[in-house]
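Examination of the molecular architecture
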Amino acid sequence: MTAFKKADSSKSSLAVWIPIVVGAIVAISGGIAWLYAHHEQYQSNVVAEERENQKLWCQLKVIQTKLDETRDMSRDLQANYLVKPWGILESYVSKARKLGETKQALMREKIDSLVKANDEIVSRIRLYLPNAMLGEFGKQAQAYIYHAVNYSDRWRAVPRVIQSGEQLPFAVPFPEQFPTAVNEELKRRDALSKANHSALKLWVGQEDSFPVRNCSSS
C-alpha cells in the first residue's frame, strides 16, 4: 500500500513539474527569439541611419568643394580683371562701357562660370537644409542663398545697366562664416558616424556590417 502511495506521489509531482518545465522552456525560447529579433532590428536601424548620414555627409562635402572652387574663381577675377575701387560686376560694366562687350568675352565667360557654380551650391544647400544638424549652419546657409541669388540677379541686370547708364543694384555680401559653418556641420556628421560605429561594435558585435562611405554618386 505504501509503495502505491509513493508511486502516486511521484506521478503527481511529475504532473506538476512537467508543465512548469515545459512552460519555462517555451518562455526562454520566446525570450531568445525576441532578443534575436530585437538585435537584428537594432542593427538594421543603425545601418540605415548611418547610410543616410553618409549620404548627407557627401552632399555637404560637395558644397564645401564647390565653395572652394567659387573662392578661386572670385580671386582670379579680382586679381586680373578688377577696376578699382569697383567689384567684379561693376568692373565688367565699366570696361564694357568703355571698350565694348565684345572685348570682355573672357571676363564674361569667367563670371558666367562663377554664377553657375553659385546656383549649383544654392540647389545643393536647399536639398540638404531640411536635414541640417546645427542651427548656425542653417543661418549661414540662408545668408549664402540670399547672397548668391542677389549676385545672379545683378549679373542678369548687367546688359540693361550697360545700355541705360544706370547703376547696378546693391550687392549682398558673401557670408564669411559660411565655410566655417559647413566645416562644423561636417564634423557633427563625422561624430554621428563614430557613434554609430561604436554602437554596432559594442552592442551588436558586427563591425563588418558598418557601411563604407562612397560619395561617387553625390
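Just so you know, these numbers come straight off a predicted model, no measurement behind them. (Residues numbered from 1 in each chain as written. Predicted model: local features only at pLDDT ≥ 70, side-chain atom pairs only at ≥ 80, totals over all residues. Heavy atoms only, no water.)

Overview of the layout of surface pockets
Definition in use: Within this scheme a cavity is a closed region of a 1 Å grid, computed over the protein atoms alone, that accommodates a 1.4 Å probe without allowing it to escape, whereas a pocket is open but has protein on both sides within 12 Å along at least five of seven lines; lining residues each have an atom within 4 Å of a point. Grid points are joined across faces, edges and corners, and a volume is the space filled by probe spheres set on the points. Secondary structure counts use DSSP, requiring at least four H or I residues in a row for a helix and at least two E residues in a row for a strand, with both numbered from the N terminus. Residue polarity is assigned by list, with Asp, Glu, Lys and Arg as charged and Ala, Val, Leu, Ile, Met, Phe, Trp, Tyr, Cys and Pro as nonpolar; anything else, Gly included, falls into the polar class.
Here the largest pocket is characterised by a volume of approximately 550 Å³. Around the largest pocket, the lining comprises 23 residues; the ones closest to its centre are Thr70, Ser74, Gln78, His147 and Phe174. At the level of elements, helix H1 (2-80), helix H2 (88-99), helix H3 (105-128) and helix H4 (135-164) are the ones that each hand at least two residues to the lining of the largest pocket. Examining the composition of the lining of the largest pocket, we find that seven residues originate from one element, H1, more than from any other. Across the lining of the largest pocket, the residue classes tally to eleven nonpolar, six polar and six charged. Computed from the structure, the second largest pocket encloses a volume of approximately 280 Å³. Considering the residues around the second largest pocket, the lining is formed by 13 residues, among which Trp86, Glu90, Glu166, Gln167 and Leu168 are closest to the centre. Taken together, the elements giving at least two residues each to the lining of the second largest pocket come down to H2 and H4. Sort the elements by how many residues they give to the lining of the second largest pocket and H2 lands first, with four residues. Grouping the amino acids of the lining of the second largest pocket by side-chain chemistry returns seven nonpolar, two polar and four charged.

Things to note about the packing of H3 against H4
Put simply, the test is: Note on definitions: angles span 0 to 180 degrees between N-to-C directions of axes, and those axes are lines fitted to C-alpha atoms, for helices only across the stretch in contact. Helix crossings fall into two classes, left-handed where the near helix is turned counterclockwise from the far one by less than a right angle and right-handed where it is turned clockwise. Only heavy atoms matter for contacts: two residues are in contact if any of them lie within 4.5 Å across the pair.
Where H3 contacts H4, the two axes come as close as 9 Å, and the packing angle between them is 145 degrees. You can see that H3 and H4 cross each other, and the crossing is left-handed. On the side of H3, the interface is formed by Arg108, Ile111, Asp112, Leu114, Val115, Asn118, Asp119, Ile121, Val122, Ile125, Arg126 and Tyr128, while H4 contributes Phe137, Ala141, Tyr144, Ile145, Ala148, Val149, Tyr151, Ser152 and Trp155. Grouping the constituent residues of the contact of H3 with H4 by class yields 15 nonpolar, two polar and four charged.

Description of the nonpolar core
Rules: The definition of a nonpolar core used throughout is a set of buried Ala, Val, Leu, Ile, Met, Phe, Trp, Tyr and Cys residues joined through side-chain atoms within 4.5 Å. Burial here depends on accessible area, computed with a 1.4 Å probe over protein chains only, as a share of the maximum for the residue type. Under 20% is buried, over 50% is exposed, and the range in between is partly exposed.
Within the largest apolar cluster, 19 residues are counted, with the highest numbers of intra-cluster contacts made by Ile63, Leu67, Ile125, Phe137, Tyr144, Phe178 and Val182. Taken together, the elements giving at least two residues each to this core come down to H1, H3, H4 and helix H5 (178-204). In terms of residue count, H1 provides more of this core than any other element does, six residues in total. Contact partners of Phe137, with chain neighbours within four places excluded, come to Leu60, Tyr128, Leu129, Ala132, Phe178, Ala181, Val182 and Glu185.

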